[in-house]
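Architecture at a glance
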Amino acid sequence: MAYPDTWETTRIKASNLQFVQRLAWAAVVAIMVVYAWLVPLDSAANQQVDAGLKRALLSFASARAPNAIISAVQGTEVAVEPAGIGVIFTAGQVLDPVNGLIEQFSDLMLIASVSFGIQKVLISIGSYWMVSLLLSLALAGWAFFYLRMQSVSGWLTRLLVVLLRARFAVRWWRSEARNCSRNSWPPTIRQASRSSI
């Protein structure tokens, strides 16, 4: 009984494995091209950013109003002259720690508002049709060299990474941040959040 050459068998198995890997990468590239042109991804990300921006601006405005009132109370002085001795009371200074906390919170909400604004700009840039076209061409070029078993140029790989970040980074980050924050909430808040959506 003749046994097949083990070296030849190993080489054929390795060749088949490489072929399957290359087909898998080609499928990933095709899916990425399809996702690059999908507009629903952009609208969902825009809705999330708009909702976050509204909440941050509302929180900022809500914090600034009490801050202004406390600042006005802090500046109020009461002059009392019992028995001819002048004493000036600034009772509002008791509220200084509260005012400091409110100022820090309003500064944080302003930073959050700026962050949401930057995300909105990045989503607008990433959803521009020229970015999707360039990403599709870069993916096609990368797949062409990869499937022909030729070395992919370094500049093409760097361009591909930049275009992938421009197109998908904000959307991916928004969905991951939302999932992480929801999973870290206590169960009662998580249930109320799901029922409100």
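Our subject is the structure listed above.
Report follows, based on the coordinates. Nothing here was measured: the structure is a model prediction, and the numbers come from that model. (Residues numbered from 1 in each chain as written. Predicted model: local features only at pLDDT ≥ 70, side-chain atom pairs only at ≥ 80, totals over all residues. Heavy atoms only, no water.)

1. Observations regarding the overall build of the protein chain
Stated precisely, the cut-off is as follows: Numbering of helices and strands runs from the N terminus; a helix is a DSSP stretch of H or I covering at least four residues, while a strand is a stretch of E covering at least two. With a 1.4 Å probe rolled over the protein chains alone, any residue whose accessible area is under 20% of its type maximum counts as buried; one over 50% counts as exposed, and the rest are partly exposed. We call two residues in contact when some of their heavy atoms are within 4.5 Å. The Shrake-Rupley method, run with a 1.4 Å probe sphere, supplies the accessible areas, and residue values consider only the shown protein chains as cover.
What the protein chain contains, in helices and strands, is six helices and two strands. Moving toward the C terminus, one meets the helices and strands of the protein chain in the order α-α-β-β-α-α-α-α. Taken across its 197 residues, the protein chain has 21% of its residues classed as buried. Restricting to contacts in the protein chain with at least 6 residues of sequence separation, those with at least 24 account for 70%. Here the protein chain displays about 13700 Å² of accessible surface, and carbon together with sulfur accounts for 69% of that area.

2. What to know about the nonpolar core
Note the following rule: By convention a nonpolar core is built from buried Ala, Val, Leu, Ile, Met, Phe, Trp, Tyr and Cys residues, the set being connected through side-chain atoms within 4.5 Å.
Ranked by size, the top nonpolar core spans eleven residues in total: Val-29, Ala-36, Leu-135, Ala-138, Leu-139, Trp-142, Ala-143, Leu-156, Leu-160, Leu-163 and Phe-168. If one sorts the elements of this core by residue count, helix α4 (residues 129-147) sits on top with five residues. Non-local contacts of Leu-135, meaning those with residues more than four positions away in its chain, are made with Ala-36, Leu-160, Leu-163, Leu-164, Arg-167 and Phe-168. One finds Ala-45, Val-49, Ala-56 and Val-170 within the second-largest nonpolar core, a separate group that totals six residues.

3. Topic: the pattern of salt bridges
The test is simple: Any carboxyl oxygen of Asp or Glu that lies within 4 Å of a side-chain nitrogen of Lys or Arg is treated as forming a salt bridge with it.
Per the counting criterion, the structure on display carries one salt bridge. Lys-120 serves as the salt-bridge partner of Asp-50, at 2.8 Å between the closest nitrogen and oxygen. Pair noted here: Asp-50 is in helix α2 (residues 39-74) and Lys-120 is in helix α3 (residues 96-126), with a separation of 70 residues, a long-range link. Take Asp-50: its relative accessible area is 28%, and that puts it in the partly exposed class. The class of Lys-120 is partly exposed, set by a relative accessible area of 28%.

4. Re α4
Here is the rule: How far a helix is expected to stretch is found by multiplying one less than its residue total by 1.5 Å.
Here α4 contains 19 residues, and its C-alpha end-to-end distance of 27 Å stays within 8% of the 27 Å for a straight helix at 1.5 Å per residue. Taken as a whole, α4 has its buried residues at Val-131, Ser-132, Leu-135, Ser-136, Ala-138, Leu-139, Gly-141, Trp-142 and Ala-143. Met-149 lies just past α4 and shows a positive phi near 60 degrees.

5. Some details on the environment of Ile-69
For Ile-69, the location among the structural elements is in helix α2. When the C-alpha atoms of Ile-69 and Asn-99 are compared, they prove to be 9.5 Å apart, with 30 residues separating the residues in sequence.

6. Structural notes on the packing of aromatic side chains
Our working definition: Under the pairing criterion, centres of Phe, Tyr and Trp rings, with the six-membered ring standing for Trp, must be within 6.5 Å; the plane angle then separates stacked pairs below 30 degrees from edge-to-face pairs above 60, leaving the rest tilted.
Using the criterion set out here, one finds two aromatic pairs in the structure. Ring geometry for Phe-144 versus Phe-145: centroids 5.5 Å apart, planes at 70 degrees, classification edge-to-face.

7. Some points on α3
Compared with an ideal rise of 1.5 Å per residue, which puts 31 residues at 45 Å, α3 spans 45 Å between its outermost C-alpha atoms and is within 8% of the ideal. When we look at burial in α3, the residues that qualify are Asn-99, Ile-102, Ser-106, Met-109, Ser-113, Phe-116, Gln-119, Ile-123 and Gly-126.

8. Some remarks on the environment of Ser-59
Tracing the backbone shows Ser-59 in helix α2. For Ser-59, a relative accessible area of 24% gives the class partly exposed. The spacing of Ser-59 and Ser-106 is 47 residues in sequence and 7.4 Å in space, taken between C-alpha atoms. When residues no more than four places from it in sequence are discounted, the contact partners of Ser-59 are Phe-105 and Met-109.

9. A look at the side chain of Asn-67
Along the chain, Asn-67 turns up in helix α2. Given the relative accessible area of 5%, Asn-67 is considered buried. Apart from the residues within four sequence positions on either side, Asn-67 is in contact with Asn-99, Ile-102 and Glu-103.

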